[in-house]
Amino acid sequence: DLTVDSKITVEGQFRSYNKITDGKSKLVLSIFAKEIEESSDEELLTLNDSTFIGYICKEPIYRKTPLGREIADVLIAVNRSYKKSDYIPCICWGRKG
């Protein structure tokens, strides 16, 4: 009975695959939700957090935005069972170290 503006908690897996359309490859990212619950816990409602355990599989690209914020583009390979991996592009910013 979820409705628009419901506050929810989702647990599951983040997956990726390449889709070929008109001869071009496009990375498709999906979340496979194992559990979705309506939430009233104020601490969880402000949490926007993900944890990936994997490998950096390309040299990170460091750059600055037009407003001077330092960011890094990172591609992380996260192993899945049955000898598959998901490749997750990430943008990192904020404090160093």
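Residues numbered from 1 in each chain as written. Predicted model: local features only at pLDDT ≥ 70, side-chain atom pairs only at ≥ 80, totals over all residues. Heavy atoms only, no water.

Peer 1: Outline the pairing of strand β6 (residues 84-93), supporting the account with residue identities and numerical values.
Peer 2: Examined bridge by bridge, strand β5 (residues 70-80) and β6 share 10 bridges and lie antiparallel to one another. Residue pairing in the sheet places Asp73 in a bridge with Ile91 of β6. Counted along the chain from β5 to the antiparallel partner β6, the turn is 3 residues long, and its residue Tyr82 has a positive phi close to 50°. (Pairing = 2+ DSSP bridges. Helix = DSSP H or I, 4+ residues; strand = E, 2+ residues; numbered from the N terminus.)

Peer 1: Hey, could you go over the packing of aromatic side chains for me, with residue numbers and the actual values?
Peer 2: With the rule as written, the count across this model stands at 0 aromatic pairs. Note that Arg15 overlies the ring of Phe32, its terminal NZ or CZ placed 4.5 Å from the centroid. (Phe/Tyr/Trp six-rings, centres within 6.5 Å; stacked < 30°, edge-to-face > 60°. Lys NZ or Arg CZ within 6 Å of the ring centre and 35° of its normal.)

Peer 1: Kindly report on a nonpolar patch on the surface, identifying the contributing residues and their values.
Peer 2: A contiguous nonpolar patch, built from Leu2, Ile8, Val10, Ile31 and Ile36 and spanning about 450 Å² of accessible area, is present on the exposed surface. For the nonpolar patch, the secondary structure elements donating two or more residues are β1 (8-21) and β2 (24-38). Residue position: Val10 is located in strand β1. You can call Val10 partly exposed: its relative accessible area is 41%. (Patch = residues over 30% accessible without salt bridge, like charges linked within 9 Å, V, L, I, M, F, W, Y side chains within 5 Å. Areas by Shrake-Rupley, 256 points an atom, 1.4 Å probe, with all protein chains shown as cover. Salt bridge = Lys/Arg side-chain N within 4 Å of Asp/Glu carboxyl O. Buried < 20%, exposed > 50% of the residue type's maximum accessible area, 1.4 Å probe, protein only.)

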